[in-house]
Amino acid sequence: MKLKFKIVIGILSLVLLAQLIRPEELHSAKAQQVKRLAGVPEEVAKVLETSCFDCHSSQTSWLWFDRLTPVNFLVASHIRDGRKALDFSQWDSLATPKRNAMLYFALNGMLSKEMPLSSYTALHPAAKLDQNDIDLLRAYLLNTALSKPASTKSNSKGAAQSSVMEVKRSPNGIAYLPNYRNWKAISTTERFDNGTIRIIFGNPVAVKAIHEGKTNPWPDGTIFAKTAWKQEQGKDGSVYAGQFVQVEFMIKDVKQYAGTKGWGWARWKGENLLPYGKTVKFDSECISCHRPERDHDYVFTTPFDIKDLNKK
Amino acid sequence: MRLIFTAGLFALMILLMTGCKPNSVDRINTGASITSISRLPENPLEMIPMAVSLQPQRKTMSTLYGNGIAAKRLKDDADYAAGSVLYLVTWKGKADPDWFGARIPDRVMAIESVYFDQNGQKSYTFFKGPAWNSGLDLKKEERLSIILSIPVAKSP
């Protein structure tokens, strides 16, 4: 009996002692108040504040059980990852298109039921979203945060310097692939959230995989090139591909890219094809955005089936 | 008894784990693909994509395809040379189920072609689905000039 008592006391004191070890975040947990998001209706701002800010801004309200060791370490790591993917504390320093991109990203996280994390809402029921909250954000984005095509500027496209341009490697070491324009279009996309129009090119390996119905997972050697142009209003009322924005690549190699979900990710921006990303690890950004598609090998595009129909 | 129980529990766990595994279904946009050419001389989706456009009023989206000769225009902006073949494929658009903020091709509405013969003479054909019969189109000249003036999507 006495031994049992001693063990219980021992465990209890260990638990208590453990409380002295806490993640850095908690030491400085003054919960910086983030200002109400500027330029957004109050109801919309409130939804985001209630459901997203704990992990996606510097305004975290730690509940008592969040503070207990070892729970606090788990919570702190969630917050760290959360802010890396989306941080509303930066709102004021961002231009409108970036803000809108943030809101579309947030809404798509909600629509795919990724966010808020169910493990989080289970313990923080106030953060749960209902259909009204989602509809509110959706309606706001549809009515106000829509990108409009620019009107035609005569001969504003200077993409003709293609000849021999030295294109730098992506920070993760991936080299630019200049020949994607000879590949086939596996889909096109109109993006009204950011005013672009896109062609998704697939290399021969990708096209063959589609044809053979082997796209989940995609085979090694598959490469996609997604090109985006600014929408440009033509005189006839149609919208055309205007200024070149960027080209993004996904290169499949399960072994080589084991650390990044089996894909090599890279993006080159603008006429000068500047590689995107500041650090080697920039591709965590790509992965966090593609995460809702993890059951589809991280690929958003639902491709056309492209057959040589003359071949019997 | 305990052994049977453990084995049973183990089997149940494996069943649950495999049962809950997301189904790995291949996703193909079959509705938007050209699956039978019937009267079409070739499958335009096999050709080189050159331009994309949207028709907001009709909620359609088009892609201009070309053969190798036509695709030279991507580099040098030159006029379409003799031997060029162009196809304009137009789809009804639909909301992208995977990304709020995007629209993707749904089903093919029309296929139009422009052939340049060896003398540079142009011939326009409008193909009507689903059998892609070459249909009459009264605005032939207008469509021809629209297709030829579509600005190609340039990339560095």
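Residues numbered from 1 in each chain as written. Chains lettered and ligands numbered in written order. Predicted model: local features only at pLDDT ≥ 70, side-chain atom pairs only at ≥ 80, totals over all residues.

The name that an unreviewed UniProt entry assigns to chain A is Cytochrome P460, with the source organism given as Pedobacter alluvionis.

Caption draft 1: Expanded view of the overall build of chain A. Per the secondary structure count, chain A includes nine helices and seven strands. Evaluated residue by residue, chain A yields a buried proportion of 32% over its 312 residues. Long-range pairs, those at least 24 residues apart, make up 63% of the contacts in chain A with a sequence separation of at least 6. (Helix = DSSP H or I, 4+ residues; strand = E, 2+ residues; numbered from the N terminus. Buried ≥ 20, exposed ≤ 12 C-beta atoms within 10 Å, placed from the backbone. Contact = placed C-beta atoms within 7 Å.)

Caption draft 2: Structural context of the overall build of chain B. Along chain B, the regular secondary structure elements total three helices and six strands. Each helix and strand of chain B, ordered N terminal to C terminal, gives the series α-β-β-α-β-β-β-β-α. Residues classed as buried in chain B amount to 34% of the 156 residues present. For chain B, the proportion of contacts with a sequence separation of at least 24, taken over those separated by at least 6, is 46%.

Caption draft 3: Quick look at the nonpolar core. Membership of the largest hydrophobic core comes to 85 residues, with the highest contact counts inside it found for A:Ala206, A:Phe224, B:Met50, B:Ala51, B:Leu86 and B:Ala153. Looking at this core, the element that brings in the most residues is strand β5 (residues 239-252) of chain A, giving nine residues. Two domains each donate at least three residues to this core, and these are domain 1 (15-143) and domain 2 (166-296) of chain A. When residues no more than four places from it in sequence are discounted, the contact partners of A:Phe224 are A:Ile200, A:Phe201, A:Gly202, A:Ala206, A:Phe249 and A:Met250. (Core = buried A, V, L, I, M, F, W, Y, C linked by C-beta atoms within 7 Å. Domains from an automatic or database assignment.)

Caption draft 4: Region of interest: the domain arrangement of chain A. All names here are of chain A. Taken domain by domain, chain A consists of domain 1 (15-143) and domain 2 (166-296). Using only C-alpha atoms to locate each centre, domain 1 and domain 2 end up separated by 29 Å. Opposite the nine residues of domain 1 that make contact, domain 2 presents seven residues. For the side of domain 1 that touches domain 2, the secondary-structure elements that each account for two or more residues are α4 (71-85) and α5 (96-111).

Caption draft 5: Highlighting the interface of chain B and chain A. On the chain A side, the residues contacting the 48 residues of chain B number 53 residues. Grouping the constituent residues of the side of chain B that touches chain A by class yields 24 nonpolar, 14 polar and 10 charged. Both β5(A) and strand β1 (residues 48-55) of chain B contribute to a ladder of two bridges, which runs antiparallel. Opposite A:Tyr240, over in β1(B), you have B:Ser53 as the bridge partner. (Nonpolar A, V, L, I, M, F, W, Y, C, P; charged D, E, K, R; others polar. Pairing = 2+ DSSP bridges.)

Caption draft 6: Quick look at the packing of α5(A) against helix α7 (residues 131-143) of chain A. Residue and element names in this part refer to chain A. α7 packs onto α5 with a crossing angle of 145 degrees between their chain directions and a minimal axis gap of 10 Å. Crossing angle aside, the handedness with which α5 passes α7 is left-handed. Contact with α5, carried on its side by Leu103, Tyr104, Leu107, Met110 and Leu111, involves Ile134, Leu137, Arg138 and Leu141 of α7 and no other residues of that element. (Axes fitted to C-alpha atoms, helices over the stretch in contact; angles between N-to-C directions. Left-handed = near helix turned anticlockwise from the far one by under 90°.)

Caption draft 7: Representation of the confidence of the model for chain B within the structure. Residues and elements named next belong to chain B. In this model, chain B carries an average pLDDT of 84, and 80% of its residues clear a pLDDT of 70 or more. Looking over chain B, one finds the lowest element-wise mean pLDDT in helix α1 (residues 2-19), namely 53, and the highest in strand β2 (residues 60-66), namely 97. Predicted complex metrics record ipTM = 0.83 and pTM = 0.82. (pLDDT = per-residue confidence, 0-100.)

Caption draft 8: Broad picture of the pairing of strand β3 (residues 85-95) of chain B. Residue and element names in this part refer to chain B. The pairing of β2 with β3 spans seven bridges and is antiparallel. Bridge pairing in β3 places serine 62 opposite threonine 90. As paired strands, β3 and strand β4 (residues 102-116) are joined by 11 bridges and run antiparallel to one another. Opposite leucine 88, over in β4, you have glutamate 112 as the bridge partner. Counting the residues in the hairpin turn of β3 and β4 gives six residues, including glycine 101, whose phi is positive at 125 degrees.

Caption draft 9: Quick look at helix α8 (residues 204-211) of chain A. All names here are of chain A. Taken together, the buried positions of α8 are Ala206, Val207, Ala209 and Ile210. One side of α8 carries all its buried residues, which in axial view fall inside an arc of 160 degrees. The elements touched by buried residues of α8 are β2 (184-191), β3 (196-202) and β4 (223-233). Of the residues flanking the end of α8, it is glycine 213, one or two places downstream, whose phi is positive at about 65 degrees. (Arc of directions from axis to C-beta.)

Caption draft 10: Structural context of the pairing of β2(A). When you tally the buried positions in β2(A), you get seven out of eight residues, the bulk of the element. Where β2(A) lies against β3(A), seven bridges are found, and the strand directions are antiparallel. Directly across from A:Lys184, in β3(A), lies its bridge partner A:Gly202. Where β2(A) folds back onto β3(A) in an antiparallel hairpin, the turn is made up of four residues, including A:Gly195, whose phi is positive at roughly 65 degrees. In terms of strand pairing, β2(A) meets β4(B) through two bridges, oriented antiparallel. Bridged to A:Arg191 within β4(B) is B:Ala102.

Caption draft 11: Quick peek at unusual backbone geometry. Residues and elements named next belong to chain A. Here the residue pair methionine 115 and proline 116 is connected by a cis peptide bond, since its omega of -15 degrees sits within 30 degrees of zero. The omega angle of the peptide bond from asparagine 216 to proline 217 is 5 degrees, so this bond is cis rather than trans. Within the fold, proline 217 resides in the loop between α8 and β4. Positive phi is not limited to glycine here, since lysine 261 has a value of about 65 degrees. Note on placement: lysine 261 falls in the loop between β5 and β6 (263-269). Overall, the presence of 18 C-beta atoms within 10 Å leaves lysine 261 in the partly exposed class.

Caption draft 12: Highlighting the environment of A:His211. Summarising the element assignment, A:His211 is placed in helix α8. Sequence separation of A:His211 and A:Thr188 is 23 residues, and the distance between their C-alpha atoms is 18 Å.

Caption draft 13: Seen up close, the environment of A:Arg138. Examined against the element boundaries, A:Arg138 turns out to sit in helix α7. Residues A:Arg138 and A:Asn100 lie 38 residues apart in sequence; the distance between their C-alpha atoms is 12 Å. The contact partners of A:Arg138, leaving out residues within four places of it in the chain, are A:Leu107 and B:Phe100.

Caption draft 14: Structural context of the confidence of the model for chain A. Looking at chain A as a whole, its pLDDT mean stands at 88, while 92% of the residues score no less than 70. Across residues 154-162 of chain A, where pLDDT falls below 50, the model places 13 contacts with residues more than four positions away in sequence or in other chains.

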